[in-house]
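Structural overview
What follows is the residue order along each chain.
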Amino acid sequence: MELSQLRYFVAVVEEGGFTRAGARLHVSQPGVSAQVAQLERELGQRLLDRSGRRVTPTEAGEAVLGYARAALAAVEGIRRTADAFSGLLRGRVALGLIPGAAGVSVGAFDVVALLGDFHDAHPQVEISLAEDTSERMLAALRGGTLDLAVVGLGGEPPPGISWQLLLDEPLVAAVRADDPLVRSAVDGGIPLGALRGRALIGLPRGTGLRAVLERACAAAGFTPRVDFEAAAPAVLARLAARGLGVAVIPAGAESGAGPGLCALRITDPELSGRVALAWRTDGPSGPAARKLLTLLRDALPAADRPGTDRPGPARHAGPH
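First, a word on what this report is: a plain description of the structure on this page. (Residues numbered from 1 in each chain as written. Predicted model: local features only at pLDDT ≥ 70, side-chain atom pairs only at ≥ 80, totals over all residues. Heavy atoms only, no water.)

1. Observations concerning the nonpolar core
Phe-109 and Leu-166 are the most contacted members of the largest nonpolar core, which totals 39 residues. Elements with a contribution of two residues or more to this core: strand S3 (91-97), helix H5 (111-121), helix H6 (134-143), strand S7 (148-153), strand S8 (161-176), strand S14 (272-280) and helix H10 (287-298). (Core = buried A, V, L, I, M, F, W, Y, C linked by side-chain atoms within 4.5 Å. Buried < 20%, exposed > 50% of the residue type's maximum accessible area, 1.4 Å probe, protein only. Helix = DSSP H or I, 4+ residues; strand = E, 2+ residues; numbered from the N terminus.)

2. Quick word on helix H1 (residues 3-15)
With 13 residues, H1 extends 18 Å between its outermost C-alpha atoms, agreeing within 8% with the 18 Å of an ideal straight helix rising 1.5 Å per residue. Taken together, the buried positions of H1 are occupied by Gln-5, Leu-6, Tyr-8, Phe-9, Val-10, Ala-11, Val-12, Val-13 and Glu-15. Looking one or two residues past H1, Gly-16 carries a phi angle of roughly 80°, positive in sign. (Expected span 1.5 Å × (residues − 1).)

3. Considerations on the pattern of salt bridges
Per the stated rule, a full pass over the model turns up 14 salt bridges. In this structure, Glu-14 engages Arg-24 in a salt bridge whose closest nitrogen and oxygen atoms are separated by 2.7 Å. Remark: Arg-24 occurs in helix H2 (residues 18-25) and Glu-14 occurs in helix H1; sequence separation between them is ten residues. We classify Glu-14 as partly exposed; its relative accessible area is 36%. For Arg-24, a relative accessible area of 26% puts it in the partly exposed group. With its nearest N and O atoms 2.7 Å apart, the salt bridge here joins Arg-136 to Asp-132. A relative accessible area of 28% means that Asp-132 is categorised as partly exposed. Because the salt bridges share partners, they merge into one network encompassing Glu-14, Glu-15, Arg-20, Arg-24 and Arg-69. (Salt bridge = Lys/Arg side-chain N within 4 Å of Asp/Glu carboxyl O.)

4. Brief notes about the pairing of strand S10 (residues 199-202)
Here S10 shows two buried faces, one formed by Ala-199 and Ile-201 and the other by Leu-200 and Gly-202. Pairing analysis gives four bridges linking S10 to strand S11 (residues 225-229), with the strands arranged parallel. By the bridge assignment, Ala-199 is partnered in S11 with Arg-225. Taken together, S10, helix H8 (residues 208-220) and S11 constitute a β-α-β crossover, and its handedness is right-handed. Where S10 meets strand S12 (residues 246-250), two bridges bridge the pair, whose relative direction is parallel. Each bridged residue has a counterpart across the sheet, and for Leu-200 the counterpart in S12 is Val-246. (Pairing = 2+ DSSP bridges. Right-handed = clockwise from strand over helix to strand, strands pointing away.)

5. Description of the layout of surface pockets
For the largest pocket, the calculated volume is near 1700 Å³. Lining of the largest pocket is provided by 38 residues; of these, Glu-14, Arg-24, Arg-92, Gly-144 and Asp-147 occupy positions nearest its centre. Listing elements by their share of the lining of the largest pocket, those giving two or more residues are H1, H2, helix H4 (59-86), S3, strand S6 (125-131), H6 and H10. The dominant element in the lining of the largest pocket, judged by the number of residues it contributes, is H4, at six residues. Classifying every residue of the lining of the largest pocket by side-chain character gives 15 nonpolar, eight polar and 15 charged. (1 Å grid on protein atoms, 1.4 Å probe; cavity = no way out; pocket = protein on both sides within 12 Å on 5 of 7 lines; lining within 4 Å. Points joined across faces, edges and corners; volume = space filled by probe spheres on them. Nonpolar A, V, L, I, M, F, W, Y, C, P; charged D, E, K, R; others polar.)

6. What about the environment of Glu-15?
If you trace the backbone, Glu-15 turns up in helix H1. Ignoring any residue separated from it by four or fewer positions in sequence, one finds Glu-15 in contact with Arg-20, Ala-21, Arg-24 and Arg-54. (Contact = heavy atoms within 4.5 Å.)

7. A short note on unusual backbone geometry
In this structure, Pro-269 follows Asp-268 across a cis peptide bond, with omega equal to 5°. Structurally, the position occupied by Pro-269 is in the loop between strand S13 (261-267) and S14. Here His-26, not a glycine, exhibits a phi torsion of approximately 60°, which is positive. Its location among the elements puts His-26 in the loop between H2 and helix H3 (29-43).

8. Topic: the pairing of S14
The buried fraction of S14 amounts to eight of the nine residues, a majority that puts the element mostly inside the structure. Bridge analysis of S8 against S14 gives nine bridges, and the strand direction is antiparallel. Counted as the bridge partner of Ser-162 is Trp-279 from S14.

Written as structure tokens, this is what we have:
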């Protein structure tokens, strides 16, 4: 039995298939399949059920899985202990981002630049990036499949999650200049109730901004009618510019849609969307992830780090 066989077996279970496991491990699918089959022959047990669309562990596989993970964790612990004496940092960091987060820049907090600096300083650390909705990424943080995430907050994060605010942007209703909402606006603002029954353009369910909109509308006594969805606020603004509806977006996101689009403040109540850096309250499990978390938090302006995980607002880009 070899460690590589255990590593391949765990990857297949976690990814739900041989092809995705191979992509994760940078090994061909036949190579992964052959190694797992060899492990099964050595143990005399079928560990994986290959009959469905998703590969799942058998009863024997479930029993072996915990020991396989423990063995791999023990080996990683040995490496980390040895590396500590040489000052070398190894491991893997899984970072989740809402769409567009790579463009977020708040003071010294520039995701791409910071990841580049971290990679230059610690080339032995593997960094994996994934874009997803905030709801799924918060669940992944709690489940341990993500170490850190830049998420949009629709309310308080779930228990067990700590966060540090990056952005806090007011939400606006972006419409064409000839829309009736423009004529009825007072001092450039409209009440939330003015959106009742209107065709809206918004971010998908599971995003922080969509949660803010749905909760506010529910409190106002109506369900928002979202006819079009897109993952990026800039795309929402372009759809609104073509007259497809009212885009509910962060202030400033309408600037790239060209002339003829008006951004009306949403009042009564005022709405805002927030973007935050989030992590498990008990901290990432690996030293590499802990090191990256420290780097990202230290990059925030001092005014946004008043000794708490809930600093004041900083503005630059739109939340999701």
